[in-house]
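Chain by chain, the residues:
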Amino acid sequence: MLPFKPIFLGQKTPDYPRATTSQKCIRTNDIENVGRTARHHTFFEMLGNFSFGDYFKSQAIAWGWELSTQVFQLPPERIVVSVFREDDEAFAIWRDEVGIPEKRIIRMGEEDNFWKSGVTGPCGPCSELYYDFKPELGDDNIDLEDDTRFIEFYNLVFMQYNRDADGNLTPLQNKNIDTGMGLERMAQILQQVPNNYETDLIFPIIATAGKLANIDYSKADENTKVSLKVIGDHVRSIVQMIADGISASNIGRGYILRRLIRRVVRHGRLIGIDGNFISEVAETAIQLLEGVYSNTREREKVIKTELQREESAFLATLERGEKLLNEVIIKLRSQQQDSHLGCATISGEDAFTLYDTYGFPLELTQEIAEEEGLTVDVSGFEAEMEAQRTRSQSAHETIDLTVQGSIDKLAEHIHPTEFLGYSEYQLISHIEALLIEGKSVEKAETGRKVQLIFNKTPFYAESGGQIGDRGYLAGEDVLVSIEDVQKESGFFVHYGTVERGIVTVGQKLRATIDKACRNRVRANHTATHLLQSALKKVVDENISQAGSLVSFDKLRFDFNCPQPLTKQQLQQVEDLINTWIAEAHPTDISIMGIDEAKAKGAIAMFGEKYGSEVRVIDIPRVSMELCGGTHVNNTAEIGLFKIISETGVASGIRRIEAVAGASVLEYLKVRDDVVKQLSDKLKAKPEEIVDRFSNLQSELKATQKELENVKQELALLKSESLINQAESIGEFKILVANMGDLDAKSLQSAGEKLQQKLGNSAVILASIPEANKVSLVAAFGEKVYQEKQLQAGKFIGEIAKICGGGGGGKPNLAQAGGKDASKVEEALTTAKNKLIETLS
């Protein structure tokens, strides 16, 4: 109902007094119940009917009863209803007008029968219809919480109040109706099956998975049925999400998709399906959905490619993670038996290691732990996550709840902001509301940070990826700089600073946007549309937008693509866009019905909300998109387009950053300055810089090689002087020495040469090539490691531990390292004593 919230609050006049809806919904906050209860799902279709100040309680109840008993032909004696405990009106309508016995009308509390859209906003009592699977149990002591007997299938919300931030209820100007009926639940009732999973909406998917696992669902044990139900439910969700343009990633809704895919993979393994299988199951889901949701078939290739990639990547992760988790569980079981403890807990550190090192999701660790009768220290995991986080968190939408709460209070007294900025850059505006730190005030003085709401504005509010306008407000002895504009429930909130004078509610000010900034953002926004079209033509027609940022100095475009673009593809994209710019294509901006726009081929951005009428940006034969942003009148106004970078931001998501218009000149100027500096320093023309740089690299490599050779020669000379220091231990000679700051490579060469010259010998050398870095080498003759069983690798590895390090190698030659240079002499003394003891 959220798109209708401004209508309920009286902020917007509806285009129609009534509506019926069918909505696709994804819900994962109780994902652990999927497959375990009769009707929990991650994907479901919600049916509804709405009244905007038209019909109300009496008609909604009468029509709900008519729909249930006459259209769906449910037996009246099988329907029980609930009402809010204080809603005597609804109780009377059900009893007196519909004729339901009082025993089958159950009064319930606020938690069950008072609906609200959030902490604040429209709300009201509700009445729910339940289907009774066991009417033979009678009407005495009815318990609607008994889900083995009852299933709620229709909820009638009587939207008649607005709740403010203090919890106070105020009657809405118009009384409204908002109802909801679950398609899956009604299918279960009408098809008379034990649960939603066995309806024709889901069961064919379950049957396909069962066939791949050689399992007959009707004969399977309970755990196997749970896994099959999870697969059936999740695959429906996955197909719908990818078809709607979502790609798997580690952030936002992309993470939800990845989590669902990984759960399907794991439950497939639990029932014996090896290797990749989701694409085959997804085909069944597509067959079930394509009749209503044609995009599932149209994007079949994208869906199956995404599933193949994600599934293959996770199978490797799963194998490693399950092996390590099994070791942790075995260890816990042992400790549990030894100490006679009850329920054991997997530590947060172990859970985090699984997640951070092996990519094994916490949710899977929790699921497996639960199956094994264990728990997971989630708070410990979160502490580890916070302490060891090395990558920045994903960008997320920040909602100023304080501002939103104040706007909700003001909503019934002021009208939504009229935006005139498509055609006007300056106009006289009337201050409707003034806020400081989110609280409504009457005036603000110089230096104050303020949020202003006007009756009309030329300032564009951030939306669709485009940032808000900058500019200023001016009046007699008043100046306010505007740094940002955000849209909240139809109101344009102008964030700024009072630079001079006093600002008051009701004051009229001249609102002026920064025209230079607007022109830059217009060029960048239209260039973003050209970029999407170019990517579709050059790379893949199935590419779709996954996010964007259009600012004054650059643009950023995220899109679905499984692999990086080649240099040739990037150059082709850039050249094509600049060709379109040079061809001076006009931009045709029009308002039309959304169905008409889609029929003409206009591209809609996933996640954006569109009304019945939409704004279409059409660049004939180049691009057509639904967009509320600001754009150039002709592509020639863009001037130039230049791609800065192309990178991966998540699995299956690529990002292009680029500049357009005046920003290209600034970008090129910086690079031109760098080229000039390089030319001066290298004494070369710009076109000769690359060759000159390659020559310098070659010269540097040659010089480094000569230096290494000289170092090794010096090391050998130095080591030869040590030969006389070798001590005889029976038939063996040993030499233990500190070589100063010799590098590791030279140290190894010296140790090897010394051992060869000394013959039947054992040589141990150490050096400190740089601060807090120790290098160690062991070189043993054949008799030492064969007859005396003294392995160079094992020997030097133990010695290195003294210096806080380790290492190893072959029986005759090995290297090691350490961090504590102060322990070098102790290490050498220990090595010498061990050699004497062993060789004598």
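Presented here is an overview of the structure given in this document. (Residues numbered from 1 in each chain as written. Predicted model: local features only at pLDDT ≥ 70, side-chain atom pairs only at ≥ 80, totals over all residues. Heavy atoms only, no water.)

### Considerations on the overall build of the protein chain
And step 1. The secondary structure content of the protein chain amounts to 24 helices and 34 strands.
And step 2. Across its three principal axes, the protein chain shows a C-alpha extent of roughly 115 × 75 × 50 Å.
And step 3. Looking at the 840 residues of the protein chain, the share that counts as buried comes to 47%.
And step 4. Sequence separation of at least 24 residues holds for 66% of the intrachain contacts in the protein chain that already meet a minimum separation of 6.
And step 5. For the protein chain, the computed accessible surface area is about 40,900 Å², with 48% contributed by carbon and sulfur atoms.
And step 6. Charge-centre separation for the protein chain: the mean point of 96 positive side chains lies 5 Å from the mean point of 124 negative side chains. (Helix = DSSP H or I, 4+ residues; strand = E, 2+ residues; numbered from the N terminus. Buried < 20%, exposed > 50% of the residue type's maximum accessible area, 1.4 Å probe, protein only. Contact = heavy atoms within 4.5 Å. Areas by Shrake-Rupley, 256 points an atom, 1.4 Å probe, with all protein chains shown as cover. Lys, Arg positive; Asp, Glu negative; His and termini not counted. Charge placed at Lys NZ, Arg CZ, Asp CG, Glu CD.)

### Observations regarding unusual backbone geometry
And step 1. Even without being a glycine, A584 presents a positive backbone phi close to 55°.
And step 2. Among the residues examined, A584 registers a relative accessible area of 32% and is labelled partly exposed.
And step 3. For Q789, which is not glycine, the phi dihedral falls at a positive 55°.
And step 4. Mapped onto the elements, Q789 comes out in the loop between α22 (782–786) and α23 (792–802).

### Things to note about the pattern of salt bridges
And step 1. Inspection of the entire model under this criterion finds 39 salt bridges.
And step 2. Residue E45 pairs with R236 through a salt bridge whose shortest N-O separation is 3.8 Å. In this pair, E45 sits in strand β2 (residues 43–52) while R236 sits in helix α7 (residues 222–243), placing the two residues 191 residues apart along the sequence. Each of the two residues, E45 as well as R236, counts as buried. (Salt bridge = Lys/Arg side-chain N within 4 Å of Asp/Glu carboxyl O.)

### Some thoughts on the sheet that holds strand β24 (residues 588–593)
Two modes of strand pairing occur in sheets, parallel and antiparallel, and in both the strands are linked by backbone hydrogen bonds.
And step 1. Within the open sheet, the three strands sit side by side as β24-β25-β26. Their pairing is antiparallel. The sheet is open, and its two edges are formed by β24 and β26 (623–626), each paired on a single side. Averaged over all adjacent pairs, the angle separating strand axes in this sheet is 25°, with direction ignored.
And step 2. Pairing between β24 and strand β25 (residues 613–619): six bridges, direction antiparallel. Bridge pairing in β25 links I589 to I617.
And step 3. Docked against the sheet, helix α16 (residues 515–538) engages β25 and β26, running at close to 115° with respect to β26. (Pairing = 2+ DSSP bridges. Axes fitted to C-alpha atoms, helices over the stretch in contact; angles between N-to-C directions.)

### Quick word on the packing of aromatic side chains
Two numbers describe a pair of aromatic rings. These are the distance of the centres and the angle of the planes.
And step 1. Going through the model one piece at a time under the given rule, you end up with 17 aromatic pairs.
And step 2. Note on Y55 and W63: the rings are 4.8 Å apart at their centroids and 70° apart in plane angle, and the pair reads as edge-to-face.
And step 3. Accessibility expressed as a relative area gives 6% for Y55, which makes it buried.
And step 4. The partly exposed category is assigned to W63, whose relative accessible area is 38%.
And step 5. In textbook terms, an aromatic cluster arises when at least three aromatic residues are bridged by ring pairs, as seen for F4, F8, Y16, F50 and F52.
And step 6. Between the NZ or CZ atom of K225 and the centre of the ring of Y217, over which it lies, the distance is 5.1 Å.
And step 7. Stacked on the ring of Y422, the Lys or Arg R615 has its end atom at 3.6 Å from the ring centre. (Phe/Tyr/Trp six-rings, centres within 6.5 Å; stacked < 30°, edge-to-face > 60°. Lys NZ or Arg CZ within 6 Å of the ring centre and 35° of its normal.)

### Overview of the pairing of β26
And step 1. By the alternation rule, side chains of β26 split into S623 and E625 and M624 and L626, which are all buried.
And step 2. Pairing of β25 with β26 involves four bridges; the strand directions are antiparallel. Its bridge partner lying in β26, D618 is registered against M624.

### Quick look at helix α2 (residues 57–71)
And step 1. With 15 residues, α2 should reach 21 Å at 1.5 Å per residue; the first-to-last C-alpha distance of 20 Å fits that figure.
And step 2. Listing the buried residues of α2 in full gives K57, A60, I61, G64, W65, S68 and T69. Taken down its axis, α2 places every buried residue within 140° of arc, on the same side. In this structure, α2 carries Q70 and V71 as exposed residues pointing more than 90 degrees from its buried face.
And step 3. Elements that come into contact with the buried residues of α2 comprise β3 (79–84), α3 (88–98), β6 (121–132), β7 (150–163) and β8 (169–182). (Expected span 1.5 Å × (residues − 1). Arc of directions from axis to C-beta.)

### A word on the nonpolar core
And step 1. Counting residues in hydrophobic clusters, the biggest one holds 60 residues, and the most contacted among them are V235 and I346.
And step 2. Secondary-structure elements contributing two or more residues to this core are α6 (203–212), α7, α8 (252–270), α9 (278–289), α11 (300–339), α12 (348–358), α13 (362–371) and α14 (378–388).
And step 3. The residues contacting V235, other than those within four sequence positions of it, are I205, V264, I278, V281, A282 and A285. (Core = buried A, V, L, I, M, F, W, Y, C linked by side-chain atoms within 4.5 Å.)

### Side note on the packing of α6 against α9
Packed helices, taken two at a time, are described by the angle between their axes plus the distance between the axes.
And step 1. Two numbers describe how α6 lies on α9: the axes approach to 9 Å, and their chain directions differ by 160°. By the angle between their directions, the pair α6 and α9 is classed as roughly antiparallel. The way α6 lies across α9 gives a crossing that is right-handed. Facing α6, whose interface residues are P204, I205, T208, A209 and L212, α9 presents E280, V281, T284, A285 and L288.
And step 2. Taken together, the residues that form the contact of α6 with α9 break down as seven nonpolar, two polar and one charged. (Parallel < 35°, antiparallel > 145°, perpendicular 65-115°, else oblique. Left-handed = near helix turned anticlockwise from the far one by under 90°. Nonpolar A, V, L, I, M, F, W, Y, C, P; charged D, E, K, R; others polar.)

### Focus on the pairing of β7
And step 1. The buried fraction of β7 is high, at twelve of 14 residues.
And step 2. Note that β7 and β8 share eight bridges and pair antiparallel. Across the sheet, R163 pairs through a bridge with L169, a residue of β8.
And step 3. Between the antiparallel neighbours β7 and β8 lie five residues, among them G167 with a positive phi of about 90°.

### A word on a negative patch on the surface
And step 1. Where like charges cluster on the molecular surface, the negative patch consists of E111, D112, D143, E145 and D147.
And step 2. Within the element layout of this structure, D147 appears in the loop between β6 and β7. (Patch = residues over 30% accessible without salt bridge, like charges linked within 9 Å, V, L, I, M, F, W, Y side chains within 5 Å.)

### Structural notes on the state of the cysteines
And step 1. This model, assessed by the stated rule, comprises zero disulfides.
And step 2. Its sulfur unpaired, C25 is 17 Å from the next cysteine sulfur, which belongs to C126.
And step 3. Residue classification places C25 among the buried residues on the basis of a relative accessible area of 18%.
And step 4. As a non-bridged cysteine, C126 has C123 as the owner of its nearest cysteine sulfur, 11 Å distant. (Disulfide = S-S within 2.5 Å.)

### Overview of empty space enclosed by the protein
And step 1. Enumeration over the complete set of coordinates arrives at one cavity of 30 Å³ or more.
And step 2. Computed from the structure, the largest cavity encloses a volume of approximately 40 Å³.
And step 3. Around the largest cavity sit R259, R262, R263, P361, E363 and L364, which together line it.
And step 4. Every element with two or more residues in the lining of the largest cavity is listed here: α8 and α13. (1 Å grid on protein atoms, 1.4 Å probe; cavity = no way out; pocket = protein on both sides within 12 Å on 5 of 7 lines; lining within 4 Å. Points joined across faces, edges and corners; volume = space filled by probe spheres on them.)

### Section: the packing of α6 against α7
And step 1. At a closest axis distance of 8 Å, the pairing of α6 and α7 adopts a crossing angle of 125°. As summarised for this structure, α6 and α7 are arranged oblique, according to the angle between their axes. Crossing of α6 against α7: the hand is right-handed. Side by side, α6 and α7 meet where I205, I206, A209 and G210 of the first sit next to L228, K229, I231, G232, V235 and R236 of the second.
And step 2. Broken down by class, the residue content of the contact of α6 with α7 amounts to six nonpolar, two polar and two charged.

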